[in-house]
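Each chain is listed here by its residues.
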Amino acid sequence: MAKIKMSKKATSIDMTAMCDVAFLLLTFFILTATAKAPEPLPVDTPASTVDVKLPETGLVTLTVGKSEGKDKVFFGMKDRDVRLKTLELMGAKYGVTFTPAEAAQFELIDEFGVPIEGLKQVIAMKSADRNKAGVQPGVPMDSLNNQLKDWIYTARQANIELGKNKDLDFAIKGDAKQEYPQIKKIMDILQDQKINSFNLVTGSRGKDY
Amino acid sequence: MAELNTGDGGGKKGGGKVRSKKQNSKVDLTAMVDLAFLLITFFMLTTSLSKPKSMDLGMPPKDDSTEVNTDIKVDQKRTVTVILGDNNQIKWFHGLLETPEPGGSPATIGYGKEGIRKVLLPRVTSIAEYCKTRPDYKEGNGMIVIIKPTKKATYKNLVDILDEMAISKVPTYAIVNDLTDPEKKLAEELNKSAE
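All values derive from a computational prediction rather than experimental measurement.

What counts as what
- Residues numbered from 1 in each chain as written.
- Chains lettered and ligands numbered in written order.
- Predicted model: local features only at pLDDT ≥ 70, side-chain atom pairs only at ≥ 80, totals over all residues.
- Helix = DSSP H or I, 4+ residues; strand = E, 2+ residues; numbered from the N terminus.
- Buried ≥ 20, exposed ≤ 12 C-beta atoms within 10 Å, placed from the backbone.
- Contact = placed C-beta atoms within 7 Å.
- Rg over C-alpha atoms; globule rule 2.2 N^0.38 Å.
- Nonpolar A, V, L, I, M, F, W, Y, C, P; charged D, E, K, R; others polar.
- Pairing = 2+ DSSP bridges.
- pLDDT = per-residue confidence, 0-100.
- Expected span 1.5 Å × (residues − 1).
- Axes fitted to C-alpha atoms, helices over the stretch in contact; angles between N-to-C directions.
- Core = buried A, V, L, I, M, F, W, Y, C linked by C-beta atoms within 7 Å.
- Parallel < 35°, antiparallel > 145°, perpendicular 65-115°, else oblique.
- Left-handed = near helix turned anticlockwise from the far one by under 90°.
- Right-handed = clockwise from strand over helix to strand, strands pointing away.

Quick look at the overall build of chain B
And then number 1: Scanning chain B from terminus to terminus reveals four helices and six strands.
And then number 2: Ordering the α and β elements of chain B from the N terminus gives α-β-β-β-β-α-β-α-β-α.
And then number 3: A total of 195 residues make up chain B; the buried ones form 25% of that total.
And then number 4: Here the contacts in chain B between residues at least 6 apart in sequence split such that 60% fall between residues at least 24 apart.

Below, the structure written as structure tokens:
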């Protein structure tokens, strides 16, 4: 009796090509991933189900949070040219002159929270020292010395002077535990300048919430 | 795959030459591929998922001029007021505080699926239907939610309630900062009970 022989297939598969593709993709994702910038005022944003991404350009972020028991507000601009122009205009307004080297360093700062009188020292610091908790006291925003209002105003002015055809967007990035009056204060400052539409920065949560 | 070895162990019996044993050049790539795909997944998810989301909030323009008509008459059957208090508590009522609509007298409730959404969702449809029966019906008329945060409310509460508006598809909502005296009393009650 002739037995029917089953042809034996090799159990090992050639994985070279698969490995190549996998590593190619891996390299791509590693390179495109942007490293998270260190934040001088870390906040824990509340989650929401909205699915609208925060704009990448033309945005000013007002970070509201608590550090060392005090409410602080930090100011950050996304666009570098706006940063430079705003610093120039703010310097002129408050009578502080910045050297070109200082301006160039300021261009690299994502977010800061100091009165303009102390901005020079912060610029001179190393980025690691600058982002330590408690180094920066927050931008003053009381009625006597409302520098936050001026920063917002000059940032918008700078944006217009740079000839951009899109207005700056403003985003409030608040800590989940931040009490409402502080948020309201920021909203009031924005609304006093007729900015009636702004973004609230949130994290994402599942759709079935 | 590149295979260099041909005929492993095919040496002649009793031959003079001693051949060095050829090693199999095939490497098992399974573990490496596994690792690579794991890392790919990690990087893919972290790049797109960690992007912060933004919630658009439009506030009514502040009018400095006093002569604008501040009290626009709104059907009280359409309004639901929510007062955000301490400790993630909400006080809500439907209609006027003094004469609430049936089933809408002031009550304390929490956030989320089991809380305020149970109040809002049925009312969104029922009020929309009610509005259609009105002679002055206009497209888009429906429920109006008035959000009144107290001093004890947190930013998270505000985002949560706005999120709730989006989930329940409330057509009109507004954040109002000044509470009337009876509402203040209600808010105090709420904040005290939470302590």
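Moving on, there is more to tell.
Focus on the overall build of chain A
And then number 1: Helix and strand counts for chain A stand at seven helices and six strands.
And then number 2: Seen in sequence order, chain A has helices and strands lined up from the N terminus as α-β-β-β-α-α-β-α-α-α-β-α-β.
And then number 3: Against the 2.2 N^0.38 benchmark of 17 Å for 209 residues, chain A shows a C-alpha radius of gyration of 25 Å, more extended than a compact globule.
And then number 4: Looking at the 209 residues of chain A, the share that counts as buried comes to 34%.
And then number 5: The long-range share in chain A, meaning contacts at least 24 apart out of those at least 6 apart in sequence, stands at 71%.

Here's the deal with the interface of chain A and chain B
Where interface size is given, it is often the accessible area lost as the parts come together that is meant.
And then number 1: Counting residues at the interface gives 46 residues for chain A, matched by 38 residues for chain B.
And then number 2: Looking at the side of chain A that touches chain B, the elements that each hand over two or more residues are α1 (16-32), β5 (169-174), α7 (180-192) and β6 (197-204) of chain A.
And then number 3: With 10 residues, the top contributor of residues to the side of chain A that touches chain B is α1 of chain A.
And then number 4: Among the residues forming the side of chain A that touches chain B, the class breakdown is 24 nonpolar, 14 polar and eight charged.
And then number 5: Inspection of the sheet shows β6 of chain A paired to strand β1 (residues 53-58) of chain B by six bridges, in the antiparallel sense.

Describing the confidence of the model for chain B
Residue and element names in this part refer to chain B.
And then number 1: When pLDDT is averaged across chain B, the result is 76; 83% of the residues are at 70 or more.
And then number 2: Here residues 6-12 is modelled with pLDDT under 50, and outside its nearest four sequence neighbours on either side it reaches two contacts, counting other chains as well.
And then number 3: Interface predicted TM-score (ipTM) for the complex: 0.76; the corresponding pTM is 0.75.

Details of helix α3 (residues 155-168) of chain B
All names here are of chain B.
And then number 1: Under the 1.5 Å per step criterion, the end-to-end length of α3 is 20 Å for 14 residues, consistent within 8% with the ideal 20 Å.
And then number 2: Counting buried residues along α3, 11 of its 14 residues qualify, which places the element largely inside the surrounding structure.
And then number 3: Where α3 terminates, the next one or two residues include Lys169, which has phi positive at roughly 55°.

A word on the sheet that holds strand β2 (residues 79-84) of chain B
All names here are of chain B.
And then number 1: An order of β4-β3-β2-β5-β6 is seen for the five strands of this open sheet, with the pairing classed as mixed. One side of each edge strand has no neighbouring strand; the edge strands of this open sheet are β4 (107-109) and β6 (172-175). Along the sheet, successive strands turn relative to each other by an average axial angle of 25°, direction set aside.
And then number 2: Of the strand pairs in this sheet, β2 and strand β3 (residues 90-94) are connected by five bridges, and their pairing is antiparallel. If you follow Ile83 over to β3, its bridge partner there is Lys91.

Brief notes about the nonpolar core
Inside soluble globular proteins, nonpolar side chains tend to come together where they are buried.
And then number 1: In this structure, Ile172 and Ile186 of chain A together with Val82 and Leu158 of chain B are the most contacted members of the largest nonpolar core, which totals 64 residues.
And then number 2: The element that contributes the greatest number of residues to this core is α7 of chain A, accounting for six residues.

With respect to the packing of helix α2 (residues 80-94) of chain A against helix α6 (residues 147-161) of chain A
Residue and element names in this part refer to chain A.
And then number 1: Contact pair α2 / α6: the axes reach a minimum separation of 8 Å and the direction vectors enclose 125°. Here α2 lies oblique to α6, going by the angle between them. Between α2 and α6 lies a crossing whose hand is right-handed. The residues of α6 that touch α2, namely those facing Val82, Lys85, Thr86, Leu89, Met90 and Lys93, are Asp150, Trp151, Thr154, Ala155, Gln157, Ala158, Asn159 and Glu161.
And then number 2: Partitioning the contact of α2 with α6 into residue classes produces six nonpolar, four polar and four charged.

Observations regarding the pairing of β6 of chain A
All names here are of chain A.
And then number 1: The pairing of strand β1 (residues 47-48) with β6 spans two bridges and is parallel. By the bridge assignment for β6, Ser48 is matched with Ser204.
And then number 2: Two elements, β5 and β6, share two bridges in a ladder whose sense is parallel. If you follow Ala171 over to β6, its bridge partner there is Asn199.
And then number 3: Between the parallel elements β5 and β6, the chain passes through α7 in a crossover that is right-handed.

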